[in-house]
Amino acid sequence: MPDIKILNPDALGKPLGQYSQVTRVKASEFLFIAGQVGAAKDGTVGDGFDAQCSLTFGNIGAALASQGAGFGNIVEFTTYMVDADDIPKFMEWRKREFPRLFPNGAYPPNTLLIVERLVKPELLIEVSAVAAL
């Protein structure tokens with residue numbers, strides 16, 4: 001079992017959302033999850049930002065479960081979005097859903113980037129993750 005410490009050092013100030021500044025990990029193995037998007041297994045893209053967020057994190061959950069892991073194993077997210085106007089929606093989605101995904105309230109660090117587009121033009125969000133096993 002990895003030893004994962006999610007930290008917010010005083011030197012860095014309070015995070016701006018549902019994430020932490022630092023993760024300290026002692027683990028024997030890491031899992032790198034490619035960017036997951038707001039599409040179902042059959043390729044159907046979610047209708048709207050909230051639906052795509054749910055599918056994206058559902059896909060991450062499926063990837064974790066396939067390796068015997070869960071959201072508590074996540075040590076870092078990188079989020080790519082195509083529209084800065086969706087940032088408030090993303091923050092609201094995380095405020096609503098992260099307490100369920102991370103019941104201990106320790107949210108992994110997240111880097112958020114706004115990009116021109118994703119692999120398909122209808123996709124609004126992509127999230128990659130690193131987990132410690």
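Model, not experiment: these values are computed from the prediction.

Undergrad: Can you explain the overall build of the protein? Please cite residues and give values.
TA: A count of helical and extended segments in the protein gives two helices and six strands. Going from the N terminus to the C terminus, the protein shows its helices and strands as β-β-β-α-β-α-β-β. With respect to the principal axes defined by its C-alpha atoms, the protein has extents near 40 × 35 × 25 Å. Out of the 133 residues belonging to the protein, those deemed buried represent 39%. Summarising the internal contacts of the protein: among those between residues at least 6 apart in sequence, 71% fall at separations of at least 24. For the protein, the exposed area adds up to about 7400 Å²; of that, 53% sits on carbon and sulfur atoms. For the protein, the separation between the mean place of its 12 positive charges and that of its 15 negative charges on side chains is 7 Å.

Undergrad: So what's going on with the pattern of salt bridges? Which residues, and what values?
TA: A complete count under the given rule lists six salt bridges for this structure. Salt-bridge contacts for Lys89 lead to Asp86; the nearest nitrogen and oxygen are separated by 3.1 Å. Looking at Lys89, the relative accessible area reads 42%, which means it is partly exposed. Here Arg100 ties to Glu97 by a salt bridge, and the two come within 3.0 Å at their closest N and O atoms.

Undergrad: Could you give an account of the environment of Asp42, naming the residues involved and the relevant values?
TA: Its location among the elements puts Asp42 in the loop between strand S3 (30-37) and helix H1 (49-66). With relative accessibility at 62%, the residue Asp42 sits in the exposed group.

Rules behind the numbers
Residues numbered from 1 in each chain as written. Predicted model: local features only at pLDDT ≥ 70, side-chain atom pairs only at ≥ 80, totals over all residues. Heavy atoms only, no water. Helix = DSSP H or I, 4+ residues; strand = E, 2+ residues; numbered from the N terminus. Buried < 20%, exposed > 50% of the residue type's maximum accessible area, 1.4 Å probe, protein only. Contact = heavy atoms within 4.5 Å. Areas by Shrake-Rupley, 256 points an atom, 1.4 Å probe, with all protein chains shown as cover. Lys, Arg positive; Asp, Glu negative; His and termini not counted. Charge placed at Lys NZ, Arg CZ, Asp CG, Glu CD. Salt bridge = Lys/Arg side-chain N within 4 Å of Asp/Glu carboxyl O.

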